[in-house]
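Commentary on secondary and tertiary structure
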Amino acid sequence: MLWDIFCTVIDNHGDLGVCWRLSAELARRGEQVRLWVDDGSALAWMAPQGQAGVTVLPWLNPLPADRLASLAPADVLVEAFGCEIDAGLLARHRALRPEQPPVWINLEYLSAEAWVERCHALPSPVMNGPAAGWTKWFFYPGFTPATGGLMREPGVADEPTPEWRLTQRQCLGTQAQHCLVSLFCYEPPALPALLARWQTEGQGGQPVHLLVMPGRPAAAVRATQAEIPAVSEGSGQLRLAWPEPVPQPEFDRTLRACDLNFVRGEDSVVRALWAGRALVWHIYPQDDEAHRDKLGAFLDWLDAPPSLRQFHEVWNGLSTAALPPIDVPEWQACVQAARAKLLTQSDLVTQLLRFCTEKR
């Protein structure tokens, strides 16, 4: 099938990250994909090699008439995360195939909340505009068999060998006796306290080698250094490293090599689950505090032990208590048990292909 996937870059390329993974995996399974994106500049480092079968197109609204005139109709339309398809493109599809509308998917945000199972795969009739009479279908990624599942490429959830992890950790510049941690976050209020603790105590008796991801995590750590000069590179029990942006597969390998991963948003929390290492999720904060219920539902599904739940609440600014101790072995066992549950379920691309084939 020919797929049109539409993406608006909102959260520091997280939306694009999900859409690229989806596009690339569909193409690897023999599909043809046009990825329409309003700002695809991050693909220069996220996916520098591209992917055969995926064409990246600039999404201008409205689309120019000459682009519309040469556009072949797609079999599947995917609106990612609530973006809105250009009316001219819908009219072009209708003019070329008036009796055969495309399968129209509204790919929603990820959540473990109970209502996701009730809303997944529900139809939404289109009542007006150039697509009047067509049907959109809600497709919800999720953590249970009654949802659309999670992105999972072949091999991404395999447990790496000790030899592989040792080699990868050496490539990342850490030593065997260090606790290797990746930090990908927004601006958590508890970050200064955590860095100060690591600087004086390390983690579980080990020095901490912290990989500070570029962008907002790096800015947050720099701000902390300005406030707490003792948290400086190469001092005490804390070592800081500042990696450059890397392609998605390399980011995934980094998470698998670490002992503890701080992740944020949707794409990286899924990758951290597949990595099977202890994780902390910085959920995207929302003005109406909807993220509070969303985080609680995730921790319930994860069957998080009390220390992990308490840490999440403080890390996400939902509690003003002191950060509890980090129990890396207990948290890792929790994540690995959750990963084992997920591996019994169908992945998102498999489910999406099946669903769209049935609806054609």
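Our subject is the structure that appears above.
Anyway, here's the lowdown on the structure attached to this text. (Residues numbered from 1 in each chain as written. Predicted model: local features only at pLDDT ≥ 70, side-chain atom pairs only at ≥ 80, totals over all residues. Heavy atoms only, no water.)

1. Thoughts on helix α4 (residues 87–96)
This is how the line gets drawn: Note on classification: 1.4 Å probe, protein chains only; a residue is buried when its accessible area is under 20% of the maximum for its type, exposed when over 50%, partly exposed between these limits. Numbering goes from the N terminus for both helices and strands, where a helix is a DSSP run of H or I of at least four residues and a strand is a run of E of at least two. This arc describes the spread of directions from the helix axis toward the C-beta atoms. It only takes one pair of heavy atoms within 4.5 Å for two residues to be counted as in contact. Think of a polar contact as two N or O atoms within 3.5 Å of one another; within protein, one of them needs to be a possible hydrogen donor and the other a possible acceptor, and neighboring residues in sequence only count if both atoms come from side chains.
Burial in α4 covers these residues: L89, L90 and H93. Taken end-on, α4 shows its buried residues confined to a sector of 100°, consistent with a single buried face. Against the buried residues of α4 lie β1 (2–7), β2 (32–37), α3 (65–69), β4 (76–80) and β5 (103–107). Taking the backbone nitrogen of G88 as reference, a side-chain oxygen 3.0 Å away marks D86 as the first, capping residue of α4.

2. Considering the packing of aromatic side chains
Rules: Whether two aromatic rings pair depends on their centres lying within 6.5 Å, for rings of Phe, Tyr and Trp, where Trp uses its six-membered ring; planes under 30 degrees apart make the pair stacked, over 60 edge-to-face, and the rest tilted. Counted as over-ring charges are cases with an Arg CZ or a Lys NZ within 6 Å of the ring centre that also lie within 35 degrees of the ring normal.
Scanning the model with the defined rule gives 19 aromatic pairs in all. Look at W115 and Y140: their rings are 5.4 Å apart centre to centre, the planes differ by 90°, and that puts the pair in the edge-to-face class. Placement of W115 in helix α5 (residues 115–119) and of Y140 in the loop between β7 (135–139) and α6 (162–171) is noted, with a sequence separation of 25 residues between them. Taking relative accessible area as the criterion, W115 reaches 30% and is therefore assigned partly exposed. Members of the aromatic cluster, connected to one another through ring pairs, are W198, F262, F311, W315 and W331. Sitting over the ring of W242, R222 keeps its end group 3.7 Å from the ring centre.

3. Looking at the environment of G236
Take G236: it is sitting in the loop between α8 (216–227) and β10 (238–241). Overall, G236 belongs to the partly exposed group, its relative accessible area being 40%. As a C-alpha pair, G236 and R339 span 103 residues in sequence and 35 Å in three-dimensional space.

4. Re the packing of helix α7 (residues 191–201) against α8
Put simply, the rule is: Fitted lines through C-alpha atoms serve as axes, helices being fitted only where they are in contact, and the angles separating the N-to-C directions of these axes extend from 0 to 180 degrees. In this scheme, roughly parallel covers angles under 35 degrees and roughly antiparallel covers those over 145, while 65 to 115 is roughly perpendicular and the rest are oblique. Each crossing gets its hand from how the near helix is turned against the far one by less than a right angle, where anticlockwise is left-handed and clockwise is right-handed. The nonpolar class holds Ala, Val, Leu, Ile, Met, Phe, Trp, Tyr, Cys and Pro. Asp, Glu, Lys and Arg form the charged class, and all remaining residues, Gly among them, are polar.
Axis separation between α7 and α8 bottoms out at 10 Å; the angle between their running directions is 70°. Between α7 and α8, the interaxial angle falls into the category roughly perpendicular. As for the relative orientation of α7 and α8, their crossing is right-handed in sense. Side by side, α7 and α8 meet where L191, P192 and L195 of the first sit next to A220, V221, T224 and E227 of the second. Taken together, the residues that form the contact of α7 with α8 break down as 5 nonpolar, 1 polar and 1 charged.

5. A look at unusual backbone geometry
Backbone geometry at F81 places phi at a positive 60°, although glycine is not the residue there. Within the secondary structure, F81 is located in the loop between β4 and α4. What makes F81 buried here is its relative accessible area of 9%.

6. So, the pattern of salt bridges
For clarity, the threshold we go by: A pairing counts as a salt bridge when a side-chain nitrogen of Lys or Arg comes within 4 Å of a carboxyl oxygen of Asp or Glu.
By the definition in use, this model includes 18 salt bridges. A salt bridge links D4 to R34; its shortest N-O distance comes to 2.6 Å. Of this pair, D4 sits in strand β1 while R34 sits in strand β2, and the two are 30 residues apart along the sequence. Look at R34 and you get buried, because its relative accessible area is 11%.

7. Some words on the nonpolar core
Threshold: Grouping buried Ala, Val, Leu, Ile, Met, Phe, Trp, Tyr and Cys residues that are joined through side-chain atoms within 4.5 Å yields what is termed a nonpolar core.
W198, L210, F262 and W315 are the most contacted members of the largest nonpolar core, which totals 65 residues. Setting aside its immediate chain neighbours within four residues, L210 contacts V181, L183, L195, W198, L238, R239, L240 and A241. By size, the runner-up hydrophobic cluster in this structure holds 36 residues, among which are V9, L16, L35 and L353.

8. A short note on the pairing of β1
In plain terms, the rule: Here the rule is simple: two strands pair whenever DSSP picks up at least two bridges between them.
The buried count for β1 comes to 6 of 6 residues, which makes it a mostly enclosed element. Covered by surrounding structure in β1 are L2, D4 and F6 together with W3, I5 and C7, the residues of both alternating faces. Inspection of the sheet shows β1 paired to β2 by 6 bridges, in the parallel sense. Of the residues in β2, the one forming a bridge with F6 is W36. When β1 meets β4, the two strands line up parallel, connected through 4 bridges. When the sheet's bridge partners are listed, D4 is paired in β4 with L77.

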